[in-house]
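Listed below are the residues making up each chain.
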Amino acid sequence: MPASLSLDQARRIALAAQGLHKGRPTGPVTSRTVGRTFARLQLVQIDSVNVLARSHFLPFFSRLGNYDRTILQRMSAVHPRRMVEYWAHEASYIRPEHYPDLLLWQKRAWVGAAAMDPEQRTAISTQILETLAASRPLTASELTARIGHVEDRQTENWGWNWNAVKRVLEHLFEAGLVSAASRTEQFERRYTLTAKVLPEACNAGAGVAPPPRQAEHALDRLTEAAARAHGIGTVRCFADYFRTPVKATALSVERLLRQGVLEPVTVSGWARDVYRHTESVLPKRATGRALLSPFDSLVFERRRLEELFGFHYRIEIYTPEHKRRFGYYVLPFLLRDRIVARVDLKADRANRRLLARASFAEPAAPADTAVELAEELVLMARWLDLDGVDVWPAGDLSPELATAVAAVAGDQL
């Protein structure tokens, strides 16, 4: 019979797998500490929104506190790289060993040049590859100028008005022929040949249909990594982590069950079939505290989040302002083994203030929610090199939070 777990136990397994079950390191955060955290998470999602901080920086703050963000820049831009860009959950930094496997299972034809004239695509591809072979890494605009490409600016699709060079670049990126060597301060990719970023994975799988067994093994590795990062979950949870096909992932779960990597369990109140990684840890208690990015891997799969934590969460960036319930860039607040509040945050860099524009307590939030959240906000302000925290009078938690921030800031900032 499958082992039976309570919902509290399942939550603690999930938090331990994500490194959120206990307090942060007390000493300086080293590059080795950051590397171990990334190895645990397997990937961090990339997003261009910078209202607070770039999304890939936030999961490390959630788990490590005040750390040096240049560590991540070195990990992703200096050889030998410990994190590389590719499509995973969405655009993500991934562990290099996952790159060949994801090449076999990620197909994002919409991102590039699928609808272009084949002759034009081939001609531009040749120019790009020849140029990158003989040059330093270049942005899309630098490449456009370097190869002398000119076309009328498109305006009909706001946000996606890429020229032909950019579309072909994304096609080559998806195919595994070019990669991101680094990012500019404006967060533009600097492209180069994959052979220069990951020599050992050069063109792995690019344009070649692998034997079925090779593809199965690749998916098993991705599914195992997703299950390890989740600790406990369903087939849909595991498939969502790297965005692999659900039906194929279900077959991979069956193989991993036979190998003893996963085991079936039952969780009180969780109606779907649930599986636990056999190396997952069940702590006696959870003592951590964290503000979670909207793109944090703990909150990737919203249905899982609701089933495990009873927390309904939707990002409202693309919701018209007058229709938003909680705010533009809302971070869930994890306290011990519950998500107890949510807060809409913005870094006002011009005035050097962290703005809590709205704050809301969850039903049955514990009495120390405001004080603990205030501590977290003051810590975040220091990490972002801001001078203080301003709590705006929006949301049911804001009066108590404002009082708590004033008390904490008086002691710490």
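Note that the structure is predicted; figures quoted are calculated from it, not measured. (Residues numbered from 1 in each chain as written. Predicted model: local features only at pLDDT ≥ 70, side-chain atom pairs only at ≥ 80, totals over all residues. Heavy atoms only, no water.)

## Digging into helix α12 (residues 246-258)
Logical step 1: End to end, α12 covers 19 Å across 13 residues, agreeing with the expected 18 Å (1.5 Å per residue, within 8%).
Logical step 2: Within α12 the residues assigned to the buried category are Ala248, Thr249, Ser252, Val253, Arg255 and Leu256. All buried residues of α12 lie within an arc of 160° about the axis, which places them on one face of the element. Away from its buried face, by an angle of more than 90 degrees, α12 presents the exposed residues Lys247 and Arg258.
Logical step 3: One or two residues past the end of α12 sits Gly260, with phi positive at roughly 80°. (Helix = DSSP H or I, 4+ residues; strand = E, 2+ residues; numbered from the N terminus. Expected span 1.5 Å × (residues − 1). Buried < 20%, exposed > 50% of the residue type's maximum accessible area, 1.4 Å probe, protein only. Arc of directions from axis to C-beta.)

## Describing the domain arrangement of the chain
Logical step 1: Considered domain by domain, the chain is made up of domain 1 (3-96 + 207-277) and domain 2 (314-411).
Logical step 2: The partner domain 2 presents 20 residues to the 18 residues of domain 1 that form the contact.
Logical step 3: In total, about 1700 Å² of surface goes out of reach between domain 1 and domain 2, with carbon and sulfur atoms giving 63% of it.
Logical step 4: By the criterion of area lost to domain 2, the three top residues of domain 1 are Val51, Leu52 and Phe61, representing 40% of everything that side buries. (Domains from an automatic or database assignment. Contact = heavy atoms within 4.5 Å. Buried area = accessible area lost by both parts, 1.4 Å probe.)

## Digging into the sheet that holds strand β1 (residues 3-5)
Logical step 1: Strands sit in the order β1-β8-β9-β7 across an open sheet of four strands; the sheet is mixed. Of all the strands in the sheet, just β1 and β7 (232-233) have a single pairing partner and so form its edges.
Logical step 2: In the sheet, strand β8 (residues 262-267) pairs with strand β9 (residues 270-277) via five bridges, with the strands oriented antiparallel. What sits directly across from Leu262, in β9, is His277. (Pairing = 2+ DSSP bridges.)

## Observations regarding the side chain of Gln18
Logical step 1: In this fold, Gln18 is placed in the loop between α1 (7-17) and α2 (31-41).
Logical step 2: A polar contact of 2.9 Å, which involves the side chain of Gln18, links it to the backbone oxygen of Ala229.
Logical step 3: Contact partners of Gln18, with chain neighbours within four places excluded, come to Arg40, Leu41, Arg63, Ala229, Tyr241, Asp296, Ser297 and Leu298. (Polar contact = N/O pair within 3.5 Å; in protein donor to acceptor, adjacent residues only side chain to side chain.)

## Observations concerning helix α11 (residues 235-242)
Logical step 1: For α11, a buried count of seven out of eight residues is recorded, marking the element as mostly surrounded by other parts of the structure.
Logical step 2: Of the positions making up α11, those classed as buried are Val235, Cys237, Phe238, Ala239, Asp240, Tyr241 and Phe242.
Logical step 3: Two residues or fewer after α11 comes Arg243, characterised by a positive phi angle close to 55°.

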